[in-house]
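Each chain, written out:
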Amino acid sequence: MLNAKKKILILGTAHPYRGGLAAFNERLAQELQLTDEVEIWTFTVQYPNFLFPGKTQYATEPPPAHLRIRRLINSINPLNWWITGRKLRRLAPDLVMVRYWLPFMGPCLGTILRLGKKGRRPKIVAMLDNVVPHEKRAGDELFTRYFLKPVDAFIAMSQSVLNDLRRFEAVKPAHLIHHPIYDNYGPILPKTVAREHLSLDQHKRYILFFGFIRQYKGLDLLLQAMGDERLRKLDVHLLVAGEFYEDAAPYQQLIDQLQLADRVSLHTEFIPNEAVKDYFCAADLVVQPYKSATQSGISQIAYHFEKPMVVTNVGGLAETIPDNKVGFICEPEPGAIATAVEKYYRDQREADMTAALRIEKQKYSWESLAAELHRLADS
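So, how was this worked out
One numbering rule holds for all chains: residues counted from 1, following each sequence as written. Only residues with pLDDT of at least 70 are given local features in this predicted model, and only at 80 or more are side-chain atom pairs given and counted; all residues enter the totals for whole chains, interfaces and linings. The basis for the side-chain values is all heavy atoms of the structure; hydrogens and waters are excluded. Note on conventions: DSSP H or I runs of at least 4 residues are helices, E runs of at least 2 residues are strands, and numbering of each starts at the N terminus. Here the radius of gyration uses the C-alpha set of atoms, whereas the globule reference equals 2.2 Å times the residue count to the power 0.38. Each residue gets one of three labels from its accessible area relative to the maximum for its type: buried under 20%, exposed over 50%, partly exposed in between, using a 1.4 Å probe on protein chains only. Two residues qualify as a contact provided that any one of their heavy atoms is within 4.5 Å of a heavy atom in the partner residue. Each accessible area is a Shrake-Rupley estimate made with a 1.4 Å probe; only the visible protein chains count as cover when residues are assessed. Only four residue types enter the charge count: Lys and Arg as positive, Asp and Glu as negative, with His and the chain ends excluded. Lys charges are placed at NZ, Arg charges at CZ, Asp charges at CG and Glu charges at CD. Any two strands are treated as partners once DSSP identifies two or more bridges connecting them. Here an axis means a line fitted to C-alpha atoms, over the contact stretch when the element is a helix, while the angle between two N-to-C directions is reported on a 0 to 180 degree scale. In this analysis a 1.4 Å probe is tested at points of a 1 Å grid over the protein atoms alone, and where it fits but cannot get out there is a cavity; an open set with protein on both sides within 12 Å along at least five of seven lines is a pocket; lining residues have an atom within 4 Å of a point. Grid points are joined across faces, edges and corners, and a volume is the space filled by probe spheres set on the points. Think of it as three bins: nonpolar holds Ala, Val, Leu, Ile, Met, Phe, Trp, Tyr, Cys and Pro, charged holds Asp, Glu, Lys and Arg, and polar takes everything else, Gly as well. Working rule for helices: expected span equals 1.5 Å times residues minus one. This arc describes the spread of directions from the helix axis toward the C-beta atoms. Polar contacts, as counted here, are pairs of nitrogen or oxygen atoms within 3.5 Å of one another; within protein the pair requires one atom able to donate a hydrogen and one able to accept it, and residues that are adjacent in sequence qualify only if both atoms are side-chain atoms. Just so you know how the angles are binned, under 35 degrees is roughly parallel, over 145 roughly antiparallel, 65 to 115 roughly perpendicular, and the rest oblique. We count a salt bridge whenever a side-chain nitrogen from Lys or Arg sits within 4 Å of a carboxyl oxygen from Asp or Glu.

A. Structural detail: the overall build of the protein chain. A tally of helices and strands in the protein chain yields 14 helices and 13 strands. In terms of C-alpha radius of gyration, the protein chain reaches 21 Å, essentially the compact-globule figure of 21 Å for 379 residues. If one aligns the C-alpha atoms of the protein chain with their principal axes, the spans along those axes are about 65 × 50 × 40 Å. Sorting the 379 residues of the protein chain into buried and exposed places 59% on the buried side. Within the protein chain, counting contacts between residues at least 6 apart in sequence, those at least 24 apart form 76% of the total. If you sum the accessible surface of the protein chain, you get close to 16200 Å²; carbon and sulfur atoms cover 53% of it. Computing the positive centroid from 48 side-chain charges and the negative centroid from 43, the protein chain places the two 9 Å apart.

B. Quick peek at the sheet that holds strand S7 (residues 174-176). Overall, parallel pairing links the 7 strands, which are arranged S3-S2-S1-S4-S5-S6-S7 in an open sheet. Two strands bound the open sheet, and with one partner strand each, they are strand S3 (69-74) and S7. Mean inter-strand twist for the sheet, computed between neighbouring axes without regard to direction, equals 25°. Alignment of strand S1 (residues 7-11) against strand S2 (residues 37-45), held across 5 bridges, turns out to be parallel. In the strand pairing of S2, Lys 7 is matched with Glu 37. Packed onto the sheet, helix H2 (residues 78-91) meets S1, S2, S3 and strand S4 (95-100) and runs at close to 140° relative to S3.

C. Main features of the layout of surface pockets. What the largest pocket holds in volume is close to 280 Å³. Surrounding the largest pocket, 17 residues form its lining, Ala 23, Glu 26, Pro 64, Asn 184 and Asn 273 being those nearest its centre. Here the lining of the largest pocket takes 5 residues from helix H1 (residues 20-32), the largest share from any one element. Grouping the constituent residues of the lining of the largest pocket by class yields 8 nonpolar, 5 polar and 4 charged.

D. View of H2. Between its terminal C-alpha atoms H2 stretches 20 Å, which fits the 20 Å expected from 14 residues at 1.5 Å a residue. For H2, the set of buried residues is Asn 80, Trp 81, Thr 84, Gly 85 and Leu 88. Down the axis, H2 shows its buried residues gathered within 135° of arc, on one side only. Along H2, exposed side chains directed more than 90 degrees from the buried face belong to Leu 79 and Arg 90. In the core, the buried residues of H2 are packed alongside S1, S2, S3, S4 and helix H3 (106-116). Between the side-chain oxygen of the N-cap and the backbone nitrogen of Leu 79 there are 3.0 Å, and the N-cap of H2 in question is Asn 77. Directly beyond the C-terminal end of H2, a positive phi value near 50° is found at Ala 92.

E. Representation of the environment of Val 161. Looking at where Val 161 falls in the secondary structure, it is placed in helix H5 (residues 159-168). C-alpha separation for the pair Val 161 and Ala 340, spaced 179 residues apart in sequence, amounts to 26 Å.

F. Expanded view of the side chain of Thr 312. Summarising the element assignment, Thr 312 is placed in strand S12 (residues 309-312). Once residues lying within four places of it in the same chain are set aside, the contact partners of Thr 312 are Gln 288, Pro 289, Tyr 290, Leu 317, Ala 318, Cys 330, Glu 331, Pro 332 and Ile 337.

G. Geometry of the packing of helix H4 (residues 140-148) against H5. For the pair H4 and H5, interaxial distance at closest approach is 11 Å and the crossing angle is 85°. The pairing of H4 with H5 is recorded here as roughly perpendicular in orientation. Where H4 abuts H5, its residues Glu 141, Thr 144, Arg 145 and Leu 148 lie against Leu 165, Arg 167 and Phe 168. Residues of the contact of H4 with H5, tallied by class, amount to 3 nonpolar, 1 polar and 3 charged.

H. Broad picture of the pattern of salt bridges. Taken as a whole, this structure holds 27 salt bridges when the rule is applied. Note that Asp 284 and Arg 195 form a salt bridge whose closest N and O atoms lie 3.3 Å from each other. With Asp 284 in the loop between helix H10 (273-282) and strand S11 (285-288) and Arg 195 in helix H6 (residues 191-197), the pair connects residues that are 89 residues apart, well separated along the chain. By the burial criterion, Asp 284 is buried, and Arg 195 matches it. In this structure, Arg 346 and Glu 342 form a salt bridge, with 3.9 Å as the shortest nitrogen-oxygen distance. Of the two residues, Arg 346 and Glu 342 are both situated in helix H12 (residues 334-346); the distance of 4 residues between them amounts to about one turn of the helix. Residue classification places Arg 346 among the partly exposed positions, given a relative accessible area of 49%.

Spelled out as C-alpha cells, the structure:
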C-alpha cells in the first residue's frame, strides 16, 4: 500500500526574495513535491533596512514554475505573527520545515510556530544554517532560545552548527545532513564558452571569490595572498563576483596598495541566477578565505560545476572538502592561501581533482535531505 501524501509547509525565504536561502527552499520544495503536497510561506517584509546592507532584497527573475509560494509573514509586526500563526493552525499540515539563520527571526518565527501548534500537530523540523550568528548582536541568545522551544527536531548542515545547537538544546532529536548540491544554476559550460561570456582572456589563470562581501568572508586575506610574489610569477588573476555588504573602500585601498588592479576583476553587483554558471565555469579554482563559517552554499555550487576549491579551516567549512582530493584546506592567513593556490597550479591538479569532484558530489543529494525530513516527521 502506498503511503498517503503528506501536507508539508516550508516557512522561510522564497521568491520574490533573492539569494541562497530562497534558492535552497525552492529547490527543496521541488524535491518534496515529487511525493507530497507542498507550499512555501515567505515574507511580505523580511528585513528592516538596518539588517540588509545590499542594494535590493528582490529578485529580477520570474517566480519558479509549479511552486505554490504565498507572501504572508511580516518579520517586524507582532499582529501579523498572531494572524499567520492562526492560519497555520487552521491549515494543520503534517510537517512544517522552518529555516533558521538569524536570531532576529526568532521572535517572529517562534511566535508563529507556538500559535500554529494544536496538540501533536504539526510536527516542526527546523533547518539550521546558524545557531550562533557570524555578527553578534544584543538579544541573540534570548531570541534563539525562544525560537527553539516549539520545534520538535532539528537538521544541522554542519557539525559546528550541531555543536552550537547542543549548547541550547540537549535532548530533542537533531541530525547532521550536509548541504545538498545546488543543481539549479544550469548545466556545466565549457571553460572557453564561459570566459567568452565574461570577456575574459582564454589563456590566463583565474581563481574565483563568489558571494556577498562581508568582513568574516576574508576577501582582504585573499587580496593579500594575491600580492604574494609566488602568485605574481604565476600570473594568477582573481575574479570577485558578488555585492558589497559593507564599505568597499578598504578593499579598493588594498588593491591599490598591492598594485593588483591589473590582476583583480571586480564584478560587485548581485549576480543573477542565470549568470552564476558563467563565473564558476570560467574559473580554474574557487577560493573561500573565510575567517569564520558554519557551512557554505558556495562549496555546493562549486561541487555542481565540478570546480576544485581552496577553503580555510574554520567552523564547518572544511567538513565536505576532502583535503588534497577535491581541493585544499588551509589556515585563514594570506601566506597559507597563496601556498594552496600555488600548489594547485604548480602540481597541475585540475584533472584529478575534477574527477574526484564528480564522485564526491554524489553524496550530497536533495533526495537524502527529503528522506531525512520524512524520517523525523514519522518518528
